[in-house]
Amino acid sequence: MVSKSYSNLLELASGESPSPSFNRIPHRIPRVVTTQGIVPGLDESSSDDDASLSSSSSRDRTIIVANQLPICSSWDANSQKFNFSWDEDSLLLQLKDTNKYQNHADMDFIFVGGLREEIPISEQEEVSQVLFDSFKCVPTFLSPDLRARFYLGFCKQQLWPLFHYMLPLSPDLGGRFDRGLWQAYVSVNKIFADKILEVINPDDDFVWVHDYHLMVLPTFLRKRFNRVKLGFFLHSPFPSSEIYKTLPVREEILRSLLNSDLIGFHTFDYARHFLSCCSRMLGLTYESKRGYIGLEYYGRTVSIKILPVGIHLGQLRSVLDLHETEIKVAELIKQFRDQGRILLLGVDDMDIFKGISLKLLAFEQLLTQHHEWRSRVVLVQIANPARGKGRDVTEVQNESYAMVKRINEAFGQPGYDPVILIDSPMQFYERMAYYVVAECCLVTAVRDGMNLIPYEYIIAREGNDRLDRVLGLKKCASKKSMLVVSEFIGCSPSLSGAIRVNPWNIDAVADAMDLALEMAESEKQLRHEKHYRYVSTHDVGYWANSFLQDLERTCREHNRRRCWGIGFGLKFRVVALDPNFRKLSAEITVSAYRRAKTRAILLDYDGTLMPQASIDKSPNSKTKEILNSLCRDKNNVVFLVSAKSRRTLSEWFSSCENLGIAAEHGYFFRPCRNAEWQTCVPAADCSWKQIAEPVMKLYTETTDGSTIDDKETALVWCYEDADHDFGSCQAKELLSHLDSVLANEPVSVKAGLNSVEVKPQGVSKRLVAECFLATMRERNLLPDFVLCIGDDRSDEDMFEVISSAVGGPTFAPEAEVFACTVGRKPSKAKYYVDDTADIFRVMQGLANVSDQSVLSLSFRSTVCLDE
């Protein structure tokens with residue numbers, strides 16, 4: 001039913017990807033893949049039916065993909081069949097709330113994911129059909145062994161601890177990296193991708209993938225459909241780069257995530273850590289445009305979304321309206337308030353990151369330091385079963401039971417237990433009743449992706465009229481609530497009225513509990529009103545609608561760009577460029593060069609003729625040999641344009657007699673070796689250096705690895721060898737600082753690649769290109785072949801001049817123009833090459849033509865002399 005996984009997953013995980021083959025999809029489940037030729041091996045006869053089925057629906061559709069479907073299942077012994085129903089508590093199901101917004105009122109949803117129950121192979125096809133027909137759900141079926149290695153293995157033993165800042169320093173602290181578990185993770189992600197292929201219409205559907213279980217899924221989908229509209233939301237924390245980079249498959253996961261169009265995080269901290277990893281490990285930079293953060297990745301803009309998920313307001317209110325909730329609230333009032341007790345509440349999973357033991361220690365400290373709260377305050381800790389298994393869960397349970405016993409023995413009295421630990425299954429309405437009665441909710445997790453407990457508590461404390469009567473509140477009475485929350489959970493930034501604590505600081509948490517109990521009623525009411533306003537307006541529907549809106553905005557440019565895939569296995573990525581932007585062909589360029597009579601060649605140096613990463617920046621003998629071959633050809637005018645000083649360039653290219661050189665971005669230039677240096681602008685006054693140099697020295701002293709390059713007319717602060725993040729931060733500060741102190745000086749301050757440069761106003765490579773073409777025109781040389789190659793932002797000025805001159809009096813009417821940038825990226829050039837090696841192949845081809853021409857001319861001259 002699903003396409004076959006890679007037969008050798010080790011090959012896939014290591015970067016080699018044999019072509020997968022597909023099994024036939026059962027005819028009963030509609031498949032709406034409409035792109036011809038994308039899925040090989042499928043019957044062509046079915047394509048017309050599929051296309052008509054796809055086009056018959058005009059409604060937008062989103063495919064929601066997650067580890068588990070929002071479905072509850074049970075085995076009916078009487079009918080010998082599985083029964084299915086919606087899981088009303090599932091976040092995935094609650095995403096449908098986006099339909100209440102007008103822009104997504106007609107949105108359809110299909111769900112792809114696993115089931116909690118293991119389905120026998122003989123039942124799988126029938127179950128699939130029932131789930132699709134009744135619930136629009138497409139189940140993924142995994143063998144018990146594969147699921148254990150995927151979920152309990154790689155997800156829970158390796159990704160989950162690492163993303164919660166637990167390093168596997170020993171076998172006891174999380175699982176050491178296991179290549180076999182990684183292969184299982186990749187295999188399951190591939191199975192999920194195959195399931196999506198059964199139902200996707202790649203031209204119209206949106207795909208929204210959820211959480212860390214499926215982080216390499218985007219690569220499989222992007223590889224199959226280059227223009228798939230794909231969003232990903234991470235519901236867990238994303239660790240700092242220092243933690244994340246310990247993961248052996250760190251680059252594969254990052255690149256897979258970047259195959260999404262939109263990546264969502266709960267907080268800016270999580271997004272910042274992800275962006276830092278992309279910067280440090282992949283060399284990518286990001287920028288904010290009109291409020292949207294974007295990463296440029298091979299011509300695609302990958303957008304970053306920061307918005308915490310909300311609660312399902314309707315569901316919580318319906319639970320509060322239940323008669324059972326009302327009865328339970330009355331019981332709790334009788335148990336606590338009528339006995340003169342104040343209820344503090346904790347609701348947490350029983351795992352190592354929820355900080356239950358730290359909370360108990362802080363409560364013990366509260367009773368020790370504040371005798372007035374003894375016999376008056378009760379901490380009810382609801383402990384939900386842990387989602388994982390292992391020795392660490394058992395240790396947390398044992399530690400919690402022991403601490404509860406110790407506190408109750410130390411401070412308990414007849415009829416009074418300071419701590420009540422509830423670890424038995426509890427109905428949701430019962431939990432809501434505890435929220436209603438609790439004076440304060442304590443969430444002290446040491447690390448948590450989001451945690452919606454505080455949001456649920458706020459809605460419960462707002463209550464309703466029936467609960468108000470049970471609580472003895474007057475009609476329209478102001479509500480109140482108090483929150484003590486860890487600063488390490490995702491919801492903390494959105495709850496500005498909560499008392500934020502460091503859960504590791506036991507004294508501070510104890511003091512926060514005391515402050516919450518002592519706070520004035522009016523202050524509690526104000527904080528509650530503020531929280532309720534936010535939580536009630538930023539519910540799960542608002543969150544889903546906002547994410548899908550941004551996904552639609554990000555994908556608008558898909559069909560306006562040329563896309564093609566490069567790379568193997570999990571290093572696959574899609575290059576998306578302007579339709580007119582294409583790779584420079586050595587054959588076409590050499591052919592045009594051979595036909596031309598007058599040629600103009602403009603070449604950048606750093607990053608073009610010399611790789612940026614090279615330590616020795618001087619040209620090698622091969623480079624000089626090629627340049628000399630081009631310069632000896634009398635039909636050529638060759639100019640080298642560089643930011644280097646004229647002294648350095650003169651030394652490096654002393655053997656190139658006819659090479660024109662523009663130094664310091666064109667401030668100085670000479671047409672050949674024996675000519676005098678000239679300036680493109682009037683002589684500069686460099687007294688500004690006395691202001692700029694001390695500022696640069698200050699930043700050099702405080703930024704390890706940075707240097708100052710003092711040229712005749714310019715100053716450059718370089719941070720190529722500094723820490724990338726710190727260097728970038730310092731560069732922004734230096735740019736602002738220099739702009740301020742040099743505001744009245746005739747200079748411009750520009751940020752370059754790993755540098756900040758101060759140079760005279762008006763000096764740029766644009767000026768060089770204009771002077772170069774003007775000089776040729778004055779000499780009645782109208783080039784019919786123009787080649788201009790550069791690699792960075794400063795070269796874009798040359799490209800603009802060259803492109804704008806096409807069709808004008810500067811070039812011959814039939815001129816063939818090749819403006820070319822290094823690397824596939826947005827540019828004003830019409831062509832690109834991948835790297836300096838490609839440039840050398842082109843240049844060598846041109847040099848060979850020129851050598852043949854010079855040799856032929858020399859031979860004809862010799863023959864004439866002999867005659």
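Residues numbered from 1 in each chain as written. Predicted model: local features only at pLDDT ≥ 70, side-chain atom pairs only at ≥ 80, totals over all residues. Heavy atoms only, no water.

### Some thoughts on the overall build of the protein chain
The number of helices and strands found in the protein chain is 28 helices and 32 strands. Taken along its principal axes, the extent of the C-alpha atoms in the protein chain is 125 × 75 × 50 Å. Here the protein chain holds 867 residues, and the buried ones make up 54% of them. Considering only intrachain contacts with a sequence separation of at least 6, the fraction spanning at least 24 residues in the protein chain is 71%. Of the roughly 38,200 Å² of accessible surface on the protein chain, a fraction of 49% belongs to carbon and sulfur atoms. (Helix = DSSP H or I, 4+ residues; strand = E, 2+ residues; numbered from the N terminus. Buried < 20%, exposed > 50% of the residue type's maximum accessible area, 1.4 Å probe, protein only. Contact = heavy atoms within 4.5 Å. Areas by Shrake-Rupley, 256 points an atom, 1.4 Å probe, with all protein chains shown as cover.)

### Overview of a negative patch on the surface
Together, Asp60, Asp106, Asp203 and Asp204 make up a negatively charged patch on the protein surface. Note that Asp60 resides in the loop between α2 (47–55) and β1 (61–68). With a relative accessible area of 38%, Asp60 lands in the partly exposed category. (Patch = residues over 30% accessible without salt bridge, like charges linked within 9 Å, V, L, I, M, F, W, Y side chains within 5 Å. Salt bridge = Lys/Arg side-chain N within 4 Å of Asp/Glu carboxyl O. Lys, Arg positive; Asp, Glu negative; His and termini not counted. Charge placed at Lys NZ, Arg CZ, Asp CG, Glu CD.)

### Here's the deal with the nonpolar core
Counting residues in each nonpolar core, the largest one holds 104 residues, and the members touching the most others are Val65, Val207, Met215, Phe238, Ile253, Leu258 and Phe274. Excluding anything up to four places from it in sequence, Val207 contacts Ile63, Val65, Ile196, Ile200, Leu221, Val228, Lys229, Leu230, Gly231 and Leu551. One finds Ala66, Phe84, Phe428 and Leu467 within the second-largest nonpolar core, a separate group that totals 76 residues. (Core = buried A, V, L, I, M, F, W, Y, C linked by side-chain atoms within 4.5 Å.)

### What to know about the packing of helix α11 (residues 313–320) against helix α15 (residues 428–437)
Between α11 and α15, the least distance of the axes is 9 Å, while the angle of their chain directions is 85°. For the element pair α11 / α15, the angle class is roughly perpendicular. Together, Leu316, Val319 and Leu320 of α11 and Phe428, Tyr429, Met432 and Val436 of α15 make up the contact between the two elements. Among the residues forming the contact of α11 with α15, the class breakdown is 7 nonpolar, no polar and no charged. (Axes fitted to C-alpha atoms, helices over the stretch in contact; angles between N-to-C directions. Parallel < 35°, antiparallel > 145°, perpendicular 65-115°, else oblique. Nonpolar A, V, L, I, M, F, W, Y, C, P; charged D, E, K, R; others polar.)

### Considerations on the side chain of His235
Secondary-structure assignment places His235 in the loop between β7 (229–233) and α8 (241–244). Side chain to side chain, His235 and His210 meet in a polar contact 2.9 Å long. What His235 contacts, discounting residues up to four positions off in sequence, is Leu91, His210, Asp211, His266, Gly449, Met450 and Trp543. (Polar contact = N/O pair within 3.5 Å; in protein donor to acceptor, adjacent residues only side chain to side chain.)

### Here's the deal with the sheet that holds strand β32 (residues 831–833)
Across the sheet, which stays open at both edges, the 9 strands sit in the order β20-β32-β31-β30-β21-β22-β23-β24-β25 with mixed pairing between neighbours. Among the strands making up the open sheet, the edge pair consists of β20 (582–583) and β25 (678–679). In this fold helix α21 (residues 586–595) packs onto β21 (599–604), β22 (636–641), β30 (785–790) and β31 (816–822), with an angle of close to 140° to the strand it touches most, β31. Of the strands in this sheet, β21, β22 and β23 (660–663) are in contact with helix α26 (residues 765–778), which crosses β21 at around 160°. (Pairing = 2+ DSSP bridges.)

### With respect to the packing of aromatic side chains
Tallying each qualifying case throughout the model produces 33 aromatic pairs. Geometrically, the ring pair formed by Phe818 and Tyr831 is tilted, given 5.5 Å between the ring centres and 45° between the ring planes. Of the two residues, Phe818 is situated in strand β31 and Tyr831 in strand β32; the sequence distance between them amounts to 13 residues. Between the NZ or CZ atom of Arg646 and the centre of the ring of Phe668, over which it lies, the distance is 3.9 Å. (Phe/Tyr/Trp six-rings, centres within 6.5 Å; stacked < 30°, edge-to-face > 60°. Lys NZ or Arg CZ within 6 Å of the ring centre and 35° of its normal.)

### As for the environment of Phe132
Of note, Phe132 is situated in helix α4 (residues 121–135). Judged by relative accessible area, Phe132 falls into the buried class, the value being 13%. In sequence terms Phe132 and Ala516 are 384 residues apart; their C-alpha atoms lie 50 Å from each other.

### Some remarks on the sheet that holds strand β13 (residues 377–384)
Spatially, β14-β13-β12-β15-β16-β17 is the arrangement adopted by the 6 strands of the open sheet, whose pairing is parallel. The open sheet is flanked by β14 (419–422) and β17 (499–501), the only strands paired with a single partner. Geometrically, the sheet is characterised by an average inter-axis angle of 20° between neighbouring strands, direction not taken into account. Where β13 and β14 come together, 4 bridges link them in parallel fashion. When the sheet's bridge partners are listed, Leu379 is paired in β14 with Val419. Each of β12 (342–349), β15 (440–443) and β16 (483–486) is contacted by helix α16 (residues 453–462), which is oriented at about 175° to β15, the strand it contacts most. Along the sheet, helix α18 (residues 506–518) contacts β12, β13, β15, β16 and β17; its crossing angle with β17, the most-contacted strand, is approximately 170°.

### Here's the deal with the pairing of β23
The two faces of β23 match: Gly660 and Ala662 on one face and Ile661 and Ala663 on the other face are all buried. Across 3 bridges, the pairing between β22 and β23 is parallel. Across the sheet, the residue bridging to Val641 is Ala662, located in β23. Direction of pairing for β23 relative to strand β24 (residues 668–670): antiparallel, over a ladder of 3 bridges.

### Brief notes about the pattern of salt bridges
Enumeration according to the criterion identifies 46 salt bridges in this entry. Shared partners join several salt bridges into a network, and the residues in it are Glu439, Arg461, Lys480, Glu521 and Lys524.

### Comments concerning the confidence of the model for the protein chain
Confidence along the protein chain averages 88 in pLDDT terms, with 91% of residues attaining 70 or more. Predicted confidence for residues 1–58 stays below pLDDT 50, and this span has 105 contacts to residues more than four positions away or in other chains. Within the model, pLDDT remains below 50 along residues 862–866, and this stretch shows 0 contacts once partners closer than five positions in the same chain are excluded. (pLDDT = per-residue confidence, 0-100.)

### Looking at the packing of helix α6 (residues 179–199) against helix α7 (residues 217–224)
Interhelical geometry of α6 versus α7 gives an angle of 45° and a closest axis separation of 8 Å. For the element pair α6 / α7, the angle class is oblique. Crossing angle aside, the handedness with which α6 passes α7 is right-handed. Between α6 and α7, the contacting residues are Val186, Asn189, Lys190, Phe192, Ala193, Ile196 and Leu197 on the first element and Leu217, Phe220, Leu221 and Arg224 on the second. Of the residues contributing to the contact of α6 with α7, the split by class is 8 nonpolar, 1 polar and 2 charged. (Left-handed = near helix turned anticlockwise from the far one by under 90°.)

### Let's talk about the environment of Val509
Within the element layout of this structure, Val509 appears in helix α18. Sequence-wise, Val509 and Gln365 are 144 residues apart; in three dimensions their C-alpha atoms are separated by 9.0 Å. If we skip the residues at most four places from it in the chain, Val509 touches Ala362, Thr444, Val501, Asn502 and Pro503.

### Describing unusual backbone geometry
We note that Arg290 has phi near 50°; this positive angle belongs to a residue other than glycine. With respect to the secondary-structure elements, Arg290 resides in the loop between β9 (286–289) and β10 (292–297). A residue is classified by how much of its surface remains accessible, and Arg290, at 83% relative accessible area, is exposed.

### A few points about α18
The end-to-end C-alpha separation of α18 is 19 Å, in line with the 18 Å expected for 13 residues at 1.5 Å each. Within α18 the residues assigned to the buried category are Ile506, Val509, Ala510, Ala512, Met513, Asp514, Ala516 and Leu517. (Expected span 1.5 Å × (residues − 1).)

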